[in-house]
Amino acid sequence: MLLHLLVLAPFVAAILMVMTSKEDSKSSSRLAILMGIGFTAMSVALIAGGSVSTDAVEWFQIPGCKGPVYYYLTSHGLASWMVFLSSGLSLVSLISARGITCRSYRNFAIGIFSLMGAMNGTFLAADAVLFFFFFEAMVIPAAVLIAGFGGKDRMKAAMTFAIYTLVGSAPMMVALWYILTIADNSTLISIAVAVQGLPEATQNVLLVCFLLAFLVKTPIFPFHGWQAITYAEAPAPLSAILTGAMSKAGVFGFIVWILPIFPLSMNAVSCMMWLGLLTAVYGALMALRATDGKKLLAFSSMGHLGLAVAGVFSLSEAMLPAVLVLLVAHGISAGAQFYLMGIAERMAGTRELDKLGGLSSKNPVFSTLFGFAGVMALAVPGTAGFVGEFSVLLTLWDMGPLPALVAGFTLILSAAYMLRFIQKVIFGKQAREYEEGRRTMPLEGVSIAVMLLLLLVFGFHPAYVTDSLNETEVTEDPAAAQVLNSAALNNGEAPMTAEEIHQLDSTLAAAGFKDDERASIIAQMKGDASADAKSEKSVKEASDAK
Amino acid sequence: MISLGLIPLFPLLGCIILGAIAVISAGSKKGPAEGFVGTLAVLFPALSFAGVALLSLNMPEGGIRETLCNWIDIPMFRVDIGFLFDGLSRIMLLFVTGIGSLIALYSIGYMHGDRGFARYFAYINLFLFSMIVLVLSDNLLLTFLGWEGVGLCSYLLIGFWNKDIKNCHAANKAFIVNRVGDIGFLLGMLCLVTIGGSAILNYDVLTNFISMVISGNHVDLVIPVLSIAGILFFIGCTGKSAQIPLLTWLPDAMAGPTPVSALIHAATMVTSGVYLLARLGSMFALLPVVLDIIVVVGMLTAFWAAVAGLFQNDIKKVLAYSTISQLGYMFMASGVCAFDASIFHVFTHAFFKAALFLGAGAVIHALSGEQDMRKMGGLLKKTPVTACVMIFAFLAIVGFPGFSGFWSKDLILEKIFMSGTMGQAVYVVGLITAVITAVYMGRLIILTFFGSYRGSKESEEHIHEAPAVMLIPMVILAFGAVFAGYLWADSIGIKFFAETLAPVVGAAQAYNTPAVVAHVNPVVFAALGTVAALLGMFIAYKIYANARIPAAKGSSAPEGGKATWTFLFDSIHKYVGIIPVNVLAWICDVVVDKILAAAQWTIGAIATILGDGAASFQVRKVRLQIALSILGLVALLAIVILTGGTL
């Protein structure tokens, strides 16, 4: 029920907003914020409730495909946290937007709610077509909002954003359609089984098509062309959602839709990891040179997500909790920074770093929050960012010292650009007299302060976040049986190679199996197969870790 | 018995309360009542000091261990929040909280009338919290929390007067240079995790692991990995403790308020590198190569900074370089595995350097903000208490017989000499450095307190002795500067200090004791040290007592060759670090990004052109439209049939 509500109710909320008065932004904002609080509460309940799934309802049949498409939602630790990000950030956006869109708050809220519904659908979908539907649907409200409420270059930004991301996921659509002509139906497991049976060359083509969609969405170098202008031109509350929640759909896609489906070769894995690291360095370097506050934040987000992607493809055992904490931390801290930058822009009328400055004496409460948020983004120990970055570094260290060294280098760079950013915005003398814009509103300030407090709480007790990964119920999970079956089929034909076992291991890990269960499955797998030394090692590692 | 968790909790509470006061009162014109804020600011550190004192008296031989709760628990990695109170952390905590409280008291006078009064004390309390966590933690990761925490507070306090953009730059520099070191620390931890799992980050487990390795004769097996870890940790230490090559931030850090320089950049934070080396002593004792690196780096730093100290005109800069130089001594001691001697010097140094800084602060306060020594002089009569405090501390730092620095510095030099052939060469450099120390410190004292006043006439009227709230901490610290050395006075048979540290660092030091101990009478070292101090003072007197001091013009920064020497490492950083990164960033921004944008544009343009071409079909020619439709349908059907689909 909760799942249906989280996905469908935002659209109902959007329709409700249509009925509110266009003139009276006060009443419509109250309604919107109330509903936003409701959604956030539901997402918290979702996290607390552990994994649930809805019944698979047959939705429609794609011509030429074997099975039907289901309306089938499921939640696991990762998904429910992403839903929390999307609803929580939407709530703060609805609060913060009161300061910038007095004229047509109603329309803004309509857009935010539809965006939220699409994002929740993306994170909760258990059916590939449903996932793709929502994945594409996210773009539309976002683009409309940018075009309607953005800065000077808003039309260009909206077009770039929409076309770039839609084109990026077009190959995925074709690949998905191709897979569906083979697979029994469009659920994750049957797709995975279908792909396993394909020749390697076909697999690779399909993989590239899938990867492209997520690479663009995250974005990963060199597919980041849309990002800076979009985040900069979008209204700050929207940028916060875009980076805090929507960009996570890319990383989420890597974890949930790439790793389980495709048997990745070691080459592909290390290639993706290096691409992630390259993005991290590139984002940090671009942020060093950025002159526009929001662009700086955009590149900083790009860097952090690059690090997250690198962590995903380390395929280490600690990957999932590490990346989850990093994503949650980044979502909250980058979101808070965008809101604050929006306030700074509102107060000073510019987002050029050289024309800002001296806000600390003008508005101490704001600058306290701003400085605090900046420090959080630096991943100082005790904040959630540190736990995320440290554990990602740990997983990268597994791949060798060099990736960890590069990741460490980006941490130094991030200190450099973030401190410069803080200094340019709040310290020093005022560059000029600012026209009196709207200052921090109490509710806005409180909500940002709550976000920052959450970061501290997760920093000192990350178990709140990571525990949700362990609650996955697996006993009755059909996924286990299916994977086992498909693997057993393989087993009859040829002994599994180390790589396949590794792949299976990561598949199971992504599906939320615990270490001991994974170990036992793998042990079962290679019971009669002549396992080589490496697979034995991986099993031993798994059992050691337990 | 009180819980260990209370000790860091007090300053944390103080930080939260004072921070709340600072934020709430930010809007008001007048600001909060200074008396109230000041009382709170001193109360919490003092409570924590009382707690430490109470614990110290009742500490069992093996120390107190306490695990509060779990921190991180993910596959492959599990760390708890736990505290370890033993001989080493006892000493460190006693002077951290003690000197912290004294300096908080002093700050009430120094920061009087400042608009950010409450904010300042919130930062100071946050610093003490982080420093206590650093010292009290029982594992490396929690130490790292304190480690970055003190770095953050140092950043906040250096840039405390953030209206001046120069202070902000100094703060940024401090944080970034420290970050470089911190990454070393981080990677060092990862390196350790590779060999022993996450449990090895706990100090007890690490020590047990090392002793198992030694007893099992597996030393050669682990040395390669441990050496890498050791070097990485040492990089972390060079950052925090301002050693070559990461030392450029400390002189700039003098931009902060003077009590901050005394507390953070002299007495406590900068010594955390020495603390870490001692804490990981059992590991470093196995690594002869790393130890040699530490000795050489410490020696070079001590010598270079002492010479640089000669060239400074800013009174705080002299003390900053002197701090770097003294830290070099501590690293030299760590490098020959004399961890008890290095911690002893940390201890005595905390007193005399804090006294010197507070004295300098009082001088600056008296002269309404003047820091250039060329505009001082003759202050002995005008500020007699400050002068006495500083002269006592001066005698301590140069190693005048009987003062605290004499005991600790001579101990270090003696241990270095005893460590082997390389040690004897290092000893000579150390002794020369001691002479230079006496010269630049003598110069500071002479220029400030003797001769005649060189500032403007109007300013002379306003010179006043500091208020009591500032003088009391200074006098207490001066007492420490004189007598702290008697906790370990080898020549008169007191070894209290060494004995309290023995349970922690004894094993490590025993492992590394040189096989052949040269027999030299300890009196020889004492005599040589005394000669060095007296010689330096004599040189300083000869040069500066009657010299004409050139009139101060422009900035107080050294010029010409002196500047080259002083800013040697700044320029190395510039060419090795900053410029390459900027060039790389430029390439990304101007070259790569533009190429990508061009590629994007090309694809877009091609699509547009194709689209325009296709649009020309959209004309009102019914027959053509139908023909095209049929063609398309056939093509679709063909594709579906060819790919094996059924209709």
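Everything below is about the structure shown above.
Residues numbered from 1 in each chain as written. Chains lettered and ligands numbered in written order. Predicted model: local features only at pLDDT ≥ 70, side-chain atom pairs only at ≥ 80, totals over all residues. Heavy atoms only, no water.

Help me understand the overall build of chain A, please; the structure alone is not making it clear to me.
Summing up its helical and strand segments, chain A has 25 helices and two strands in all. Per-residue burial for chain A yields a buried fraction of 66% across its 546 residues. Long-range contacts, defined as pairs at least 24 residues apart, comprise 81% of the intrachain contacts of chain A with a sequence gap of at least 6. Per element, the accessible surface of chain A, about 18500 Å² overall, is 63% carbon and sulfur. (Helix = DSSP H or I, 4+ residues; strand = E, 2+ residues; numbered from the N terminus. Buried < 20%, exposed > 50% of the residue type's maximum accessible area, 1.4 Å probe, protein only. Contact = heavy atoms within 4.5 Å. Areas by Shrake-Rupley, 256 points an atom, 1.4 Å probe, with all protein chains shown as cover.)

Explanation requested: the environment of Pro462 of chain A in the structure shown.
One can find Pro462 of chain A in the loop between helix H20 (442–460) and helix H21 (463–470). The class for Pro462 of chain A is buried, based on a relative accessible area of 2%. The contact partners of Pro462 of chain A, leaving out residues within four places of it in the chain, are Val387 of chain A together with Trp71 and Ile72 of chain B.

Any chance you could explain the interface of chain A and chain B here in plain terms?
Many structure descriptions define interface size as the accessible area lost when the parts assemble. Every contact between the two is made by 57 residues of chain A and, on the other side, 46 residues of chain B. Both faces considered, chain A and chain B share a buried interface measuring about 4600 Å² in area, 76% of it formed by carbon and sulfur atoms. It is Arg289, Phe390 and Trp397 of chain A in chain A that bury the most area against chain B; as a group they hold 14% of the surface buried on that side. The partner of Asp589 of chain B in a salt bridge is Arg289 of chain A, with the nearest N and O atoms 2.9 Å apart. Linking chain A to chain B there are 12 residue pairs in polar contact (both at pLDDT 80 or more). (Buried area = accessible area lost by both parts, 1.4 Å probe. Salt bridge = Lys/Arg side-chain N within 4 Å of Asp/Glu carboxyl O. Polar contact = N/O pair within 3.5 Å; in protein donor to acceptor, adjacent residues only side chain to side chain.)

Help me understand the packing of helix H19 (residues 401–426) of chain A against helix H6 (residues 165–196) of chain B in this model?
Any two packed helices are characterised by the angle at which their axes cross and by the distance between the axes. At their nearest, the axes of H19 of chain A and H6 of chain B sit 10 Å apart, and the two run at 165° to each other. The angle between H19 of chain A and H6 of chain B places the two elements in the roughly antiparallel class. In the packing of H19 of chain A onto H6 of chain B, the handedness of the crossing is right-handed. Of H6 of chain B, the residues touching H19 of chain A (which contributes Ala404, Leu405, Gly408, Leu411, Ile412, Ser414, Ala415, Ala416, Leu419, Arg420 and Gln423 of chain A) are Ile165, Cys168, His169, Asn172, Phe175, Ile176, Arg179, Val180, Ile183, Leu186 and Leu187 of chain B. (Axes fitted to C-alpha atoms, helices over the stretch in contact; angles between N-to-C directions. Parallel < 35°, antiparallel > 145°, perpendicular 65-115°, else oblique. Left-handed = near helix turned anticlockwise from the far one by under 90°.)

I tried to follow helix H18 (residues 404–418) of chain B on my own but got confused; where do I start?
In an α-helix there are 3.6 residues to a turn, and that puts residues three or four apart on one side. End to end, H18 of chain B covers 22 Å across 15 residues, agreeing with the expected 21 Å (1.5 Å per residue, within 8%). With 14 of 15 residues buried, H18 of chain B is to be regarded as a mostly interior element. (Expected span 1.5 Å × (residues − 1).)

What is the right way to look at the pairing of strand S1 (residues 64–74) of chain B in this model?
In regular strands, side chains alternate between the two faces of the sheet. When S1 of chain B meets strand S2 (residues 77–85) of chain B, the two strands line up antiparallel, connected through nine bridges. Opposite Ile74 of chain B, over in S2 of chain B, you have Phe77 of chain B as the bridge partner. (Pairing = 2+ DSSP bridges.)

Explanation requested: the packing of helix H1 (residues 2–19) of chain A against helix H4 (residues 105–124) of chain A in the structure shown.
Residues and elements named next belong to chain A. Contact geometry for H1 and H4: axes closest at 8 Å, N-to-C directions at 165°. In terms of their interaxial angle, H1 and H4 are classed as roughly antiparallel. Both H1 and H4 take part in a crossing whose hand is left-handed. Mapping the contact onto sequence places Leu3, Leu6, Val7, Pro10, Phe11, Ala13, Ala14, Met17 and Val18 in H1 and Arg106, Ala109, Ile110, Phe113, Ser114, Met116, Gly117, Ala118, Asn120, Gly121 and Leu124 in H4. Considered class by class, the residues forming the contact of H1 with H4 number 15 nonpolar, four polar and one charged. (Nonpolar A, V, L, I, M, F, W, Y, C, P; charged D, E, K, R; others polar.)

Help me out: how do you make sense of the nonpolar core in this one?
Generally speaking, soluble globular proteins have nonpolar side chains that are buried together. Counting 431 residues, the largest nonpolar core has Phe113 of chain A together with Phe233 and Phe284 of chain B as its most contacted members. Top contributing element to this core by residue count: helix H15 (residues 319–348) of chain A, with 20 residues. Contacts of Phe113 of chain A, omitting those with residues within four sequence positions, involve Pro10, Ala13, Ala14, Met17, Ala32, Met35, Gly36, Phe39 and Leu94 of chain A. (Core = buried A, V, L, I, M, F, W, Y, C linked by side-chain atoms within 4.5 Å.)

Just to check I follow, could you spell out the pattern of salt bridges for this structure?
Side chains that carry opposite charge are capable of pairing whenever their charged atoms lie near each other. This model, assessed by the stated rule, comprises 17 salt bridges over all chains. A salt bridge links Glu345 of chain A to Arg351 of chain A; the shortest N-O distance between them is 3.7 Å. When its relative accessible area of 15% is taken as the criterion, Arg351 of chain A is described as buried. Notably, a salt bridge pairs Asp570 of chain B with Lys173 of chain B, separated by 2.6 Å at the nearest N-O pair. On the criterion of sequence distance, the pair formed by Asp570 of chain B in helix H25 (residues 568–615) and Lys173 of chain B in helix H6 is long-range, its members being 397 residues apart. Within the structure, one salt-bridge network assembled from shared partners comprises Glu233, Asp292, Lys294, Glu345 and Arg351 of chain A.

Help me understand empty space enclosed by the protein in this model?
Where empty space is left in the structure can be found by rolling a water-sized probe over the atoms. Throughout the structure, instances matching the rule amount to nine cavities of 30 Å³ or more. By volume, the largest cavity amounts to about 140 Å³. His304, Ala329, His330, Ser333 and Ala377 of chain A are the residues nearest the centre of the largest cavity, which is lined by 20 residues in total. Counting residues per element, the ones that place at least two in the lining of the largest cavity are helix H14 (293–312), H15, helix H17 (364–377) and helix H18 (384–399) of chain A. At seven residues, the largest contribution of residues to the lining of the largest cavity is made by H15 of chain A. Lining the second largest cavity we find Phe406, Trp407, Asp410, Leu411, Glu414, Trp488, Ala489, Asp490, Ser491, Pro522, Phe525 and Ala526 of chain B. Listing elements by their share of the lining of the second largest cavity, those giving two or more residues are H18 and helix H23 (522–544) of chain B. Counting residues per element, the lining of the second largest cavity draws most heavily on H18 of chain B, at five residues. Its residues assigned to classes, the lining of the second largest cavity shows eight nonpolar, one polar and three charged. (1 Å grid on protein atoms, 1.4 Å probe; cavity = no way out; pocket = protein on both sides within 12 Å on 5 of 7 lines; lining within 4 Å. Points joined across faces, edges and corners; volume = space filled by probe spheres on them.)

Help me out: how do you make sense of the packing of aromatic side chains in this one?
The geometry of an aromatic ring pair is captured by two quantities: the separation of the ring centres and the angle between the planes. The final tally for this structure, using the stated rule, is 52 aromatic pairs over all chains. An angle of 70° between the planes, with centres 5.0 Å apart, marks the rings of Phe406 of chain B and Trp407 of chain B as edge-to-face. Considered together, Phe406 of chain B and Trp407 of chain B belong to a single accessibility category, that of buried residues. Ring-pair connections join several aromatic residues into one group, and the members of that group are Phe386 and Phe390 of chain A together with Trp71, Phe77, Phe144, Trp147, Phe185 and Phe233 of chain B. (Phe/Tyr/Trp six-rings, centres within 6.5 Å; stacked < 30°, edge-to-face > 60°.)

These values are about where atoms sit, not about what they do.
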